[in-house]
Amino acid sequence: MADPTQQIANDYELLYVKARALGFTEAEIAVLPSVKDLHRKSSNKILPALCVLLLLFGAAVAFGCAYGVQRLRDSPDDFKLLAKKMGYTAEDRCFLENYEFIADMMRPVVNCDICRNVSSVGRVGSLSQDVFMEKYAFTGTLLVVTDAMANWTASKHFSFDYFKKLYGKDSPNVRGGGGEECQFFPYQTNFQTLGDVFRMSKERRSGVKGKPWYIGWSNCDTRVANELRKHYAKPYFLPDDVESSKTDWIFMGSPGYGANMHIDAVGRVSWQAQVLGEKVWVLVPPPECYYECSHARHDVLLRTGDMLVVDTNKWFHETKVTSKDISMTIGSEFE
């Protein structure tokens with residue numbers, strides 16, 4: 001029979017990770033009714049049978065959610081219909097956050113080799129393609145490549161004003177509503193489109209005045225992509241037979257802000273190039289690896305010119321801009 005004390009500890013760990021993924025602080029988590037309930041159960045030594053009953057109920061709900069999520073992924077029309085019934089549009093931030101939360105719960109179990117016996121994140125340069133493919137590419141191992149952007153000109157040309165001028169007013173990214181290929185992530189801001197971002201005041205965008213901000217988007221504008229890629233290229237450590245995604249991601253924000261703890265569902269490994277400023281990545285193994293990995297958290301500082309290789313489908317992650325100026329990151333997936 002399962003140890004109820006151990007089960008409570010496991011339940012708390014799962015609850016903690018999910019709450020952090022939704023943006024709760026540790027202080028806020030401590031006063032959550034569910035957390036207080038777990039503390040009460042621990043002190044009262046609840047019956048193991050009750051634990052089993054709750055787990056069986058949770059498994060039934062999980063199966064239903066997993067089936068529903070897969071159906072939604074397979075049918076965009078069903079996705080929009082569910083959003084409408086919940087009182088949202090399919091692009092509404094509140095609906096997307098709840099949909100992603102369910103999807104996070106239904107993700108595949110991770111092989112804990114990605115974090116077992118890993119005490120720190122390696123930083124390397126002059127990385128050969130053979131070594132990268134053998135040790136890092138698809139192993140889930142975290143890696144910072146310090147010279148991956150050595151021949152790029154992105155850091156010299158990219159800026160808030162550069163993007164604002166390049167995208168203009170008619171880009172599908174700026175207008176919004178361009179479908180799955182034109183995703184926009186407002187994170188903890190009130191922006192709805194990239195156009196909203198470009199209309200903010202100079203004081204706010206620099207972080208001098210007003211609320212801090214951090215956003216991301218997938219570039220779906222072919223004209224813009226052709227121009228941007230004049231200033232960066234496929235990382236030198238990726239062999240020719242490794243395919244990169246056609247869509248690149250851009251993340252930008254002011255000092256002191258970043259993305260909440262979350263996990264992705266993009267299905268591929270990615271590289272994240274720190275083009276401007278500095279940003280800290282906090283990387284946490286999934287809860288199923290909590291007892292197998294001695295280091296439950298890795299804080300990785302990326303300076304301008306650094307590139308992080310990470311499987312964001314396996315590592316929970318959050319970011320925070322630590323530089324005094326704006327941070328800008330270009331990311332892409334490969335397989």
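Further up the page is the structure itself.
Any details on the state of the cysteines? Residues and values, ideally.
Applying the stated criterion across every chain, the model contains three disulfides. Put simply, C112 and C289 are joined by a disulfide, and their sulfur atoms are 2.1 Å apart. The disulfide joining C112 to C289 has a torsion of about -90° about its S-S bond and is therefore left-handed. With C112 in the loop between α6 (93-105) and β1 (122-124) and C289 in the loop between β7 (279-284) and β8 (298-302), this pair connects stretches of sequence that are 177 residues apart. A relative accessible area of 5% means that C112 is categorised as buried. At a sulfur-sulfur separation of 1.9 Å, the disulfide partner of C115 is C293. Because the torsion about its S-S bond is 60°, the bridge between C115 and C293 counts as right-handed. Highlighted residues: C115 in the loop between α6 and β1 and C293 in the loop between β7 and β8, separated in sequence by 178 residues.

Tell me about the pattern of salt bridges, and please be specific about residues and values.
For the structure on display, the rule yields 11 salt bridges. Put simply, R229 and D248 hold a salt bridge, and the shortest N to O gap is 3.1 Å. Remark: D248 occurs in the loop between α13 (222-228) and β5 (249-253) and R229 occurs in the loop between α13 and β5; sequence separation between them is 19 residues. R229 gets classed as partly exposed once you look at its relative accessible area, which sits at 36%. A residue is classified by how much of its surface remains accessible, and D248, at 6% relative accessible area, is buried. Among the charged side chains, a network of salt bridges with common partners joins D113, R116 and E292.

Tell me about the nonpolar core, and name the residues and values.
Judged by nonpolar contacts, the single largest core of 45 residues is most densely connected at F132, F158 and F163. By size, the runner-up hydrophobic cluster in this structure holds 16 residues, among which are V144, W281, L302 and V310.

Help me get a handle on the pairing of strand β4 (residues 214-218), residues and values and all.
In terms of residue burial, β4 counts as a mostly covered element, since five of its five residues are buried. Residues Y214, G216 and S218 line one face of β4 and the alternating positions I215 and W217 line the opposite face, and both faces are buried. The sheet contact formed by strand β3 (residues 184-185) and β4 spans two bridges and is antiparallel. Its bridge partner lying in β4, F185 is registered against G216.

Cut-off values and rules
- Residues numbered from 1 in each chain as written.
- Predicted model: local features only at pLDDT ≥ 70, side-chain atom pairs only at ≥ 80, totals over all residues.
- Heavy atoms only, no water.
- Disulfide = S-S within 2.5 Å.
- Helix = DSSP H or I, 4+ residues; strand = E, 2+ residues; numbered from the N terminus.
- Buried < 20%, exposed > 50% of the residue type's maximum accessible area, 1.4 Å probe, protein only.
- Salt bridge = Lys/Arg side-chain N within 4 Å of Asp/Glu carboxyl O.
- Core = buried A, V, L, I, M, F, W, Y, C linked by side-chain atoms within 4.5 Å.
- Pairing = 2+ DSSP bridges.

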